[in-house]
Amino acid sequence: MKLKYLASAVAVMMLTSGSAIAKNDLASFHTEMGDCQTCHVTGKMKDIKKSMTDSQTHENAQCQDCHGSYADLVNDKLEFDPHASHLGDINCTSCHTGHAKPELTCNNCHNFEMEMPFADAKEKKKWDGDWNQDKIQKAIDKGPVETVDVIVVGGGSAGFNAAISAKMAGANVVLFEKAPYTGGNSMLAAGGINAVGTPQQKAKGIEDSVDWYAEDAMKGGRYKNDPKLVQILAEESAGAVAWLESLGANMDDLKRSGGARVERTHRPSGGASVGPHIIDTLRVAAKERDIPVRVNSRIEKIVLNDDKSVAGVVVHGRHSGYNMVAADSVVLATGGYGMNKQMVAYYRPTMKDMTSSNNVTATGDGVLLAKEIGASMTDIDWVQAHPTIGKDSRILISETVRGVGAIMVNTDGQRFISELTTRDRASDAILKQKDQYAWLVFDEQLVEKKKMVRGYEHLGMLSKANTIEELAKITGMKDLPKTAADYNKYQASGKDEAFGREDMPINLTKAPFYAVKVAPGIHHTMGGVAVDTDANVLNLQSWKMDGLFAAGEVTGGLHGHNRLGGNAIAETVVFGRKAGENAAKHALEKK
Ligand code: FAD
Ligand code: MEZ
């Protein structure tokens, strides 16, 4: 697939730059128009490195000064803009590298044929390869180059929520993010955030309770969850949605997720994906509060004082190299390890060859950082497969698609389980089918309700036909017409006689009809760093580690052996806020 929008954005860049002479790299092309100062703070070679921040703030401002923002470049002409669908307003230099081959960020998950300018430039050595213990030690020996109250490690939802909360509690905060952009797995979240007792539920007349929320999470987690953490999640979930709204988010759409007894998954009105919307909101909220967010900055060590209290971290910056930054509180918000093949092979060998829905950022750094200084782990070997990852791709087909009405059938077109069962059961059931994959089948009614499905079509993932019979023919699902007719009968009577599906919002009657091939893949790492109810990290004796906090997917305990859809984003907000507030309190008390 060609990404026309990128090509057109590039064409605009070239035209607005006044020349279209092909050069070997972006920097050489720009020096045709001026000296190095066109992009950098200074034109003097010897001072350029010193003047560059890891986020390349000045260089990015220069790009936008000449070319306009990405939004200006695409000029709202695109139906699908990757920056709107999940990346948001990220730095130009995330992809366009001055002196080296551009980085095809999209292709970390997709397989686009992208026409990136200067693609033939020389490849540069990766700056964030192995962790260099000598350089880490030298940075510690040199002492801190900067001191703050709270350091937040990781710029996903948990990290942003922690940073904003710490700042609002009066602390001086800095957030470090190893990737060239913030967002992590959070910016990929599609389905929504679970909450009970919200005005949205009330407006729809949905009866729910904190007890039901907690019971569903415990049942979904096979009763292996820490009930104290679950209770907090349930009790504070409505506050989490209200907090996001107070920062500017919209969470007005409601749907039901697998394992939940009622509709409690909140998402932006119109059914847009929840993650990018939340991340955009949090990015703006952090900016408005002057919280430094430093990308291209990987934390490689948590430094302790002799008494084992937190002294700070060693950060490895893309341009600044290795430095120690001091703080009395550190919040780990580094996400899970779903993209770390070695860790999956070690902790969950049966899943080592599975595809993953995760962002490339999910490499389990927080687990390694915390283990190294004596933290305890909870349920570290529990990894969740999501049943519906696009077969032969890494693109998640959101649980929403089933929640809103799709049926799931095997390669013969027969249903084999309630579509609303929990993920572990759905994944196991698919793996028992012939060829170990399944199809989701739905009609135009669903597409009208869920805009995100158009995105799957745009990505070429959907088979489409004007009748169910034709769809059966092109996909080889011989029994699909009978399955659809039976399902329509169950839907009309409100009773699924085949598998007891509890909620059948729509039938299969409105053309065109669609099918998408799905298979299970790694989606969530339930286990991680052990924490208490105040987000303190616990050591091997289950004592609080002085000054170390954690929140989000890096932690274990909340979800037990199986997470329910919508509970992870709720976790990042509820416990991210808690970690930030308690980290601020701890640091301010130490002053
Ligand atoms: P992340 O969002 O992954 O952020 C961690 C950040 O830390 C990353 O940006 C990473 O680069 C950074 N980092 C890591 N190591 C370092 C280091 N050493 N130094 C500096 N920075 C570092 N959950 C739901 O509840 N609802 C959904 O609808 C939903 N949909 C999902 C869809 C997809 C495709 C995926 C993959 C997950 C989905 N989830 C959903 C799960 C949920 O998105 C994640 O569990 C959650 O977002 C994790 O948030 P986090 O802040 O803990 O970590
Ligand atoms: O919580 C999730 O991971 C989720 C709701 C994912 C999805 O299928 O959309």
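Residues numbered from 1 in each chain as written. Chains lettered and ligands numbered in written order. Predicted model: local features only at pLDDT ≥ 70, side-chain atom pairs only at ≥ 80, totals over all residues. Heavy atoms only, no water.

So, the pattern of salt bridges
Taken as a whole and judged by the stated rule, the model has 36 salt bridges. As a salt-bridge pair, R318 and E103 come within 3.3 Å of each other at their nearest N and O atoms. Of this pair, R318 sits in the loop between β9 (310–317) and β10 (321–326) while E103 sits in the loop between α6 (82–87) and α7 (133–142), and the two are 215 residues apart along the sequence. E457 is the salt-bridge partner of K464, the closest N and O atoms lying 2.9 Å from each other. You can call E457 partly exposed: its relative accessible area is 26%. (Salt bridge = Lys/Arg side-chain N within 4 Å of Asp/Glu carboxyl O. Helix = DSSP H or I, 4+ residues; strand = E, 2+ residues; numbered from the N terminus. Buried < 20%, exposed > 50% of the residue type's maximum accessible area, 1.4 Å probe, protein only.)

What to know about the sheet that holds strand β1 (residues 144–147)
Strand order in the open sheet formed by four strands is β1-β10-β9-β8, with mixed pairing between adjacent strands. Looking at the sheet topology across the chains shown, the edges are occupied by β1 and β8 (297–304). The average angle at which neighbouring strand axes cross in this sheet is 30°, direction not considered. Where β8 meets β9, seven bridges bridge the pair, whose relative direction is antiparallel. Residue pairing for β9: S297 is matched across the bridge by G317. The strands that α7 touches are β1, β8, β9 and β10; relative to β10, the one it contacts most, it runs at about 45°. (Pairing = 2+ DSSP bridges. Axes fitted to C-alpha atoms, helices over the stretch in contact; angles between N-to-C directions. Contact = heavy atoms within 4.5 Å.)

Some points on unusual backbone geometry
The omega torsion across A511 and P512 is -5°, close enough to zero to call that bond cis. A positive phi angle, close to 60°, is found at Y223, a residue other than glycine. Checked against the element boundaries, Y223 lands in the loop between α10 (210–220) and α11 (227–246). For D392, which is not a glycine, the phi torsion comes out positive at approximately 65°. One can find D392 in the loop between β13 (383–390) and α15 (399–404). Its relative accessible area of 69% is what places D392 among the exposed residues.

Details of the domain arrangement of the chain
Taken domain by domain, the chain holds domain 1 (2–115), domain 2 (138–172 + 187–272 + 302–382 + 529–591) and domain 3 (385–522). If you average the C-alpha positions of domain 1 and of domain 2, the two centres end up 32 Å apart. Taken residue by residue, the interface counts ten residues in domain 1 and seven residues in domain 2. Summed over both sides, the interface of domain 1 with domain 2 buries roughly 820 Å², with 51% coming from carbon and sulfur. (Domains from an automatic or database assignment. Buried area = accessible area lost by both parts, 1.4 Å probe.)

A word on the site of ligand 2
Surveying the vicinity of ligand 2 reveals the residues G191, H386, L396, S398, E399, R423, H523, R563, G565 and G566. Between ligand 2 and G191, the relevant distance is 3.1 Å, taken from an oxygen atom to a main-chain nitrogen or oxygen of the residue. Here H523 contributes a side-chain N or O atom positioned 2.7 Å from an oxygen atom of ligand 2. For the shell around ligand 2, the residue count by class is one nonpolar, six polar and three charged. (Near = heavy atom within 4 Å. Polar contact = N/O pair within 3.5 Å; in protein donor to acceptor, adjacent residues only side chain to side chain. Nonpolar A, V, L, I, M, F, W, Y, C, P; charged D, E, K, R; others polar.)

Remarks on helix α14 (residues 365–372)
Note that an α-helix has 3.6 residues per turn; residues three or four places apart therefore point the same way. All of the buried residues in α14 are D365, G366, V367, L369 and A370. Contact partners of the buried residues in α14: β8, β11 (329–332), α13 (341–347), β12 (377–378) and β18 (528–529). Positive phi shows up at G374, right after α14, with a value of about 95°.

Considerations on the packing of aromatic side chains
Taken as a whole and judged by the stated rule, the model has five aromatic pairs. Between the aromatic rings of F29 and F118, the centroid separation amounts to 5.6 Å while the plane-to-plane angle is 45°, which identifies the pairing as tilted. Placement of F29 in helix α2 (residues 26–31) and of F118 in the loop between α6 and α7 is noted, with a sequence separation of 89 residues between them. Note on accessibility: F29 and F118 belong to one class, buried. Taking 5.6 Å as the distance between ring centres and 55° as the angle between the ring planes, the aromatic pair formed by Y337 and Y347 counts as tilted. One end of the pair, Y337, is in the loop between β11 and α13; the other, Y347, is in helix α13, and ten residues separate them in sequence. Both residues of the pair, Y337 and Y347, count as buried. Positioned over the ring face of W382 is R348, at 4.3 Å from the centre of the ring. (Phe/Tyr/Trp six-rings, centres within 6.5 Å; stacked < 30°, edge-to-face > 60°. Lys NZ or Arg CZ within 6 Å of the ring centre and 35° of its normal.)

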